[in-house]
Amino acid sequence: MITEKPPYLGFGLGLRPQHYDEILDGNPAIDWFEVISENYMIEGGQPLYMLDRIRERYPIVMHGVSLSIASTAPFDMDYLRALKGLAGRLQPKWISDHLCWTGVHGVNLHDLLPIPYTQEALDHVVDRVNYVQDFLGRRFTIENVSTYVTFAQSEMTEWEFVNELARRTGCWLLFDVNNVYVSAFNHGFSAIDFLQGMPRDQVVQFHVAGHSHEETHIIDTHDHPVCDEVWDFYREAVRYFGPVSTMIERDDNIPPLAELVEELDHARSIAGEVLGGASRLVAAE
Amino acid sequence: MKSLKEIQDEFQRGILAGDDAILANVNDSSKEERKVLFGVYRNAYVARLAEILGEDYEQVHGYLGDRAFANLVKAYIAGNPSDQRSARWFGRHMPAFIAKSRTFADHPEVAELAALEKALADAFDGPDAEPLHLSDLAEVPPDAWPDLVFTTHPTAIRLTFATNAAELWTALKNEADPVKPMKLPDPQALLVWREGFMARFKPLSTEEAMMWDEAAKGVRFSVLCEMVATFAGEDEAELRAATYLKGWIDMSMLAGWSLDPREPRPSVSR
């Protein structure tokens, strides 16, 4: 089991097919890329070819959306084998997925669905994270999701749940700054309480993203630039956690690469203001 | 208290079947009612899959127009819950779904248009294989040619259409003047495959399609030539067969050769 804490990588972007050529033809100021694992669980062709070329130049982390770690359905072992196979090919710095479920009874709803924060759910997810970590031979990384409902059955806060999960499994955490902001707005809790409830040493990555405001609730759409409020919360997160590998996540209305690099530079400048020179320490590959 | 399993069952039924039982387990927020909040998941499910189908079946969308395509997509989503880890394969049943749909009973070109789009998508990220080059065949001793068998490119997909769906696809893709759909006097054979990074298709003559199908089964070259001779006359049959073969190689439709093991030729070794 690989238990060593992953290195600090600096400032990265989600790899999107629209940007393959710009990345390979130029030398954009991007320290690393995150890839959606499922998009590369394919047999061949251009996507895997481009990914291999980009992998030759940049550190890669893998980010999945279909592990369904909190589902009460059995694991899809073909999926886990494909995940392990892709990890063997890419040698990612870490592998993440979400604290959520995506379906039961063989159905995939292709969404990151919420769970009740109960002791039963915690025990269940702890077992499943341990299983995945044993299967992959490395610590896994779990991300908090944006949620739109809370459950009457919940017995603890989300951050208490995440903290306990991290303590019991040793998993790493992907702290999604935008998701905490969204869920805090939707459910009326304090984003700072969530932040301060996280185990500092286990957070290895930040996601920063845009969202859609619907007056009474916010939907996590990843189709807008990052808003000022989320940048403010990012500043708090950097202050609390120190240098953490940061990534801008954009999945829809994908702009030219240069626009995302500008957003990334904004993250760099915030981290620079908060931390001084420490944010520029990028571990060698 | 409801178990996690019971909650997930109800939650999923709430999304897939519109069942409101789940609402008894979720809270209103201080700003919004639970039904609206749960509705975010309901709406997202349909919207996400509809968007994916729109990307997968862009030309079917263009052909049918927004309204008819939206109805098709809605019916498909309702009848085909995804069982795939990636939404990439969610729409894979669309050609068969359209073919069985009464709405399109008089429009067989729609299912064929969908079949062509699906085949192109499958070829796009199908397995890699180094294409066979003409120079590779220089290794084949002249007296071994009759026993040559070919490996087709692993992305190759053969389709046979009753309509001019391939012509429709081309017109839609090029945003050219609309083409009138029609049933063809004879079925049209098509081959879909990937050349480099590009998924392509090519109409095949009946004779070429016959030879391709037999070659893909591992029939050796001498027998392919005999079949071509039987099909359209012995006159220049070998030349016709060799011309098809060269075309396949030039367009990266083949991935290798070997010698038919059923006809051992001890004098030849690879």
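Residues numbered from 1 in each chain as written. Chains lettered and ligands numbered in written order. Predicted model: local features only at pLDDT ≥ 70, side-chain atom pairs only at ≥ 80, totals over all residues.

A. Region of interest: the overall build of chain B. For chain B, the helix and strand inventory stands at ten helices and five strands. For chain B, the C-alpha radius of gyration of 25 Å lies well beyond 18 Å, the compact-globule estimate for 270 residues. If you line up chain B on its principal axes, its C-alpha atoms span 85 × 45 × 25 Å. The buried share among the 270 residues of chain B stands at 36%. Considering only intrachain contacts with a sequence separation of at least 6, the fraction spanning at least 24 residues in chain B is 62%. (Helix = DSSP H or I, 4+ residues; strand = E, 2+ residues; numbered from the N terminus. Rg over C-alpha atoms; globule rule 2.2 N^0.38 Å. Buried ≥ 20, exposed ≤ 12 C-beta atoms within 10 Å, placed from the backbone. Contact = placed C-beta atoms within 7 Å.)

B. Highlighting the sheet that holds strand E10 (residues 245-249) of chain A. All names here are of chain A. The strand order E1-E2-E3-E4-E5-E6-E7-E10 describes a closed barrel built from eight strands, whose pairing is parallel. Between one strand and the next, the sheet's axes are offset by a mean angle of 25°, whatever the strand orientation. Bridge count for strand E6 (residues 172-176) against strand E7 (residues 203-209) is four bridges, and the pairing is parallel. Bridged to Asp176 within E7 is His207. (Pairing = 2+ DSSP bridges. Axes fitted to C-alpha atoms, helices over the stretch in contact; angles between N-to-C directions.)

C. Region of the structure containing helix H8 (residues 206-216) of chain B. All names here are of chain B. Of the positions making up H8, those classed as buried are Glu208, Met211, Trp212 and Ala215. Seen along its axis, H8 keeps its buried residues to an arc of 100°; they face one direction. Summarising the contacts, the buried residues of H8 are in contact with strand E1 (148-152), strand E2 (157-163), strand E3 (183-195), strand E4 (198-204), helix H9 (221-232) and helix H10 (237-250). Positive backbone phi, at 95°, marks Gly218, one or two positions downstream of H8. (Arc of directions from axis to C-beta.)

D. Focus on unusual backbone geometry. All names here are of chain A. Even without a glycine there, the phi angle at Gln91 is positive, about 45°. Following the sequence through the fold, Gln91 ends up in the loop between helix H3 (77-90) and strand E4 (95-98). Here Gln91 falls in the exposed class, since 10 other C-beta atoms lie within 10 Å of it. Despite not being glycine, His110 has its phi angle at roughly 50°, a positive value. Considering the arrangement of structural elements, one finds His110 in the loop between E4 and helix H4 (119-136).

E. Highlighting the nonpolar core. With 147 residues, the main nonpolar core has A:Leu173, A:Val177 and B:Val192 as its most contacted residues. Residues lining this core come from more than one domain, with at least three contributed by each of domain 1 (1-88) and domain 2 (107-270) of chain B. (Core = buried A, V, L, I, M, F, W, Y, C linked by C-beta atoms within 7 Å. Domains from an automatic or database assignment.)

F. Summary view of the pairing of E10(A). All names here are of chain A. In terms of burial, E10 is largely enclosed, as five of its five residues are buried. Neither face of E10 is open: one carries Ser245, Met247 and Glu249, the other Thr246 and Ile248, and all of them are buried. Here strand E1 (residues 11-14) pairs with E10 via three bridges, running parallel. In the sheet register, Gly12 faces E10, and the bridge partner there is Met247. Looking at chain direction, E7 and E10 are connected through five bridges and run parallel.

G. Representation of the packing of H8(B) against H9(B). Residue and element names in this part refer to chain B. In the contact formed by H8 and H9, the axes pass within 10 Å of each other and the chain directions differ by 155°. Viewed along their axes, H8 and H9 adopt a mutual orientation that is roughly antiparallel. The handedness of the crossing between H8 and H9 comes out as right-handed. Where H8 approaches H9, its residues Glu207, Met210, Met211, Glu214 and Ala215 are matched on the opposing element by Leu224, Met227, Val228, Phe231 and Ala232. For the contact of H8 with H9, a count of residues per class yields eight nonpolar, no polar and two charged. (Parallel < 35°, antiparallel > 145°, perpendicular 65-115°, else oblique. Left-handed = near helix turned anticlockwise from the far one by under 90°. Nonpolar A, V, L, I, M, F, W, Y, C, P; charged D, E, K, R; others polar.)

H. Region of the structure containing the confidence of the model for chain B. Residue and element names in this part refer to chain B. Scored by pLDDT, chain B comes out at a mean of 94, with 97% of its residues at no less than 70. Segment residues 266-270: pLDDT under 50, and four contacts once partners within four positions in sequence are set aside and those in other chains are kept. We note a pTM of 0.94 for the whole complex and an ipTM of 0.95 for its interfaces. (pLDDT = per-residue confidence, 0-100.)

I. Just the domain arrangement of chain B, in detail. Residues and elements named next belong to chain B. Each domain of chain B was delimited in the assignment, giving domain 1 (1-88) and domain 2 (107-270). For domain 1 versus domain 2, the separation of C-alpha centres amounts to 41 Å. On the side of domain 2, nine residues touch domain 1, which itself brings seven residues to the contact. In terms of residue class, the side of domain 1 that touches domain 2 is built from four nonpolar, two polar and one charged.

J. Broad picture of the sheet that holds E2(B). Residue and element names in this part refer to chain B. Spatially, the three strands line up as an open sheet ordered E2-E3-E4, and their pairing is antiparallel. Because the sheet does not close on itself, it has two edges, and the strands there are E2 and E4. Taken over all neighbouring pairs, the strand axes of this sheet differ in orientation by 30° on average, direction set aside. Two elements, E3 and E4, share seven bridges in a ladder whose sense is antiparallel.

K. Structural detail: the interface of chain B and chain A. Facing the 41 residues of chain B at the interface are 41 residues of chain A. For the side of chain B that touches chain A, the secondary structure elements donating two or more residues are helix H1 (4-16) and helix H2 (34-56) of chain B. Examining the composition of the side of chain B that touches chain A, we find that nine residues originate from one element, H2(B), more than from any other.

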